[in-house]
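These are the residues of each chain, in order.
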Amino acid sequence: MPRRKNIILVGTRSATAMAAAVGRELDLPVTEMITRTFADGEIYHAFPCDIAGCDLVIIANTPDDSAHQELIDLIAGARYWNALSVNVVIPYLGYSTMERAKPESGEIPKGITRTRQIFRARPDYVAFIDLHSESVMHAHTGEVRTRHLWTERLAAAHIRGLHIDNPVLVSPDYGFSKRVARLAGLLDCPHTAANKDRFDVDKTIVGQLSGAVRGRTAIICDDMIRTGGSMLQTVDRCYEAGAVGVMVMATHLVLAGNARQRFVERGICCIIGADTYPGRESDDLLQIYSAAPVIADELKSYFRLGASRPGATFSS
């Protein structure tokens, strides 16, 4: 791959593994930030080399408040030390499901407000992976170039590798059904959707499912598994509709609290997902594929480093 000598790749503390994987895909070394934590909890960051005149690429997840602030610090620090450009890839964006507020509720739509904070730190470019809603990409006034990257081709390749007999893809709600239909097209299999209503912050009701799952192995697909509540209800609806087996898949495997145990207790033996959420690796339950190839292909295209591989998927 042609190499631009002025590209510096760094990762935040929650994205160390992803940054390393992207670096391997690009044949580009990862530059490790110098970090220390003081006795009072304050965190020290320093760039270990001169970044003036360089294109800085920051791989950063924001699963918690500290990680969010670290990303803002790195962007602001890169501006302070005169980086030529500051480019950010966020595999997992925290608060992404809070992209709107109900009228007169007083709710803070943190998906928008947190992303706006990132944009106001003045990066040149920010890419996201499999967002819950694209509305967060537009929380700026036109100064930032944004990209939405999709992992569906990687997911399809991973599913094909599992050699599942007679699969059918299931969306837990109609809002996600368009993405599921796209994935089903890649797999050349049928798809259907359940009807989901949200009645509290972490509570949903999943209604009846069509008979399209009868006699098939259902793969329930979503962008994220947080507590697993709606997924588990959809599991029940699939079996009620005649599915002979059920698997689940989501890009971002948060699996908060006892979500993992709840899936096991419901008889789910396979959860497919990406490595976008920090710490997720394949084990006896999780089947993990890496999103690094999608990120690497996008960076190759963005920096004009040579042709992207066939199958790379990204959109403005």
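What you see is a predicted model, and the numbers here were worked out from it, not measured in a lab.

Participant: What is the right way to look at the overall build of the protein in this model?
Facilitator: Counting its secondary structure elements, the protein contains eight helices and 16 strands. Relative to the globule expectation of 20 Å for 316 residues, the C-alpha radius of gyration of the protein, 20 Å, shows essentially globular dimensions. Its C-alpha atoms put the protein at 60 × 50 × 40 Å along the principal axes. Scored against the burial criterion, the 316 residues of the protein give a buried share of 51%. Long-range pairs, those at least 24 residues apart, make up 63% of the contacts in the protein with a sequence separation of at least 6. Accessible area of the protein: about 14,800 Å², with a carbon and sulfur share of 49%.

Participant: I keep staring at the environment of Gln117 and nothing clicks. Help me out?
Facilitator: Residue position: Gln117 is located in helix H3 (residues 110-120). Apart from residues lying up to four places away in sequence, Gln117 is in contact with His68 and Ile72.

Participant: Is there a simple way to think about empty space enclosed by the protein in this case?
Facilitator: Evaluated as defined, the whole model comprises three cavities of 30 Å³ or more. In this structure, the largest cavity spans a volume of roughly 140 Å³. In terms of lining residues, the largest cavity is bounded by 15 residues, among which Asp130, Glu152, Phe176, Met249 and Thr251 are the most central. The element contributing the most residues to the lining of the largest cavity is helix H5 (residues 177-187), with four residues. Taken together, the residues that form the lining of the largest cavity break down as eight nonpolar, two polar and five charged.

Participant: Help me understand the sheet that holds strand S14 (residues 271-274) in this model?
Facilitator: Here six strands make up an open sheet; going across it, the order is S9-S8-S12-S13-S14-S15 and the pairing parallel. Every interior strand has two partners, whereas the edge strands, strand S9 (191-193) and strand S15 (286-289), have only one. Here the average twist between neighbouring strands, direction ignored, is 25 degrees. Bridge count between strand S8 (residues 167-171) and strand S12 (residues 217-225): four bridges; the pairing is parallel. Considered in S12, the bridge of Leu169 is made with Ile219. Across the sheet, H5 touches S8, S9, S12 and strand S13 (245-253), and the angle it forms with S8 is around 165 degrees.

Participant: What is the right way to read the pairing of strand S7 (residues 145-149) from this model?
Facilitator: If a strand is regular, its side chains alternate between the two faces of the sheet. Of all five residues making up S7, four are buried, and the element is well covered by its neighbours. The pairing of strand S6 (residues 125-129) with S7 spans five bridges and is classified as parallel. From the neighbouring strand, Phe128 faces S7, where its bridge partner is His148.

Participant: I would appreciate a short explanation of the confidence of the model for the protein in the present structure.
Facilitator: Any residue range with low pLDDT should be treated as having predicted coordinates unsuitable for detailed reading. When pLDDT is averaged across the protein, the result is 90; 90% of the residues are at 70 or more. Every residue in residues 308-316 scores below 50 in pLDDT, and together they form 26 contacts with partners more than four places removed in sequence or on other chains.

Parameters at a glance
- Residues numbered from 1 in each chain as written.
- Predicted model: local features only at pLDDT ≥ 70, side-chain atom pairs only at ≥ 80, totals over all residues.
- Heavy atoms only, no water.
- Helix = DSSP H or I, 4+ residues; strand = E, 2+ residues; numbered from the N terminus.
- Rg over C-alpha atoms; globule rule 2.2 N^0.38 Å.
- Buried < 20%, exposed > 50% of the residue type's maximum accessible area, 1.4 Å probe, protein only.
- Contact = heavy atoms within 4.5 Å.
- Areas by Shrake-Rupley, 256 points an atom, 1.4 Å probe, with all protein chains shown as cover.
- 1 Å grid on protein atoms, 1.4 Å probe; cavity = no way out; pocket = protein on both sides within 12 Å on 5 of 7 lines; lining within 4 Å.
- Points joined across faces, edges and corners; volume = space filled by probe spheres on them.
- Nonpolar A, V, L, I, M, F, W, Y, C, P; charged D, E, K, R; others polar.
- Pairing = 2+ DSSP bridges.
- Axes fitted to C-alpha atoms, helices over the stretch in contact; angles between N-to-C directions.
- pLDDT = per-residue confidence, 0-100.

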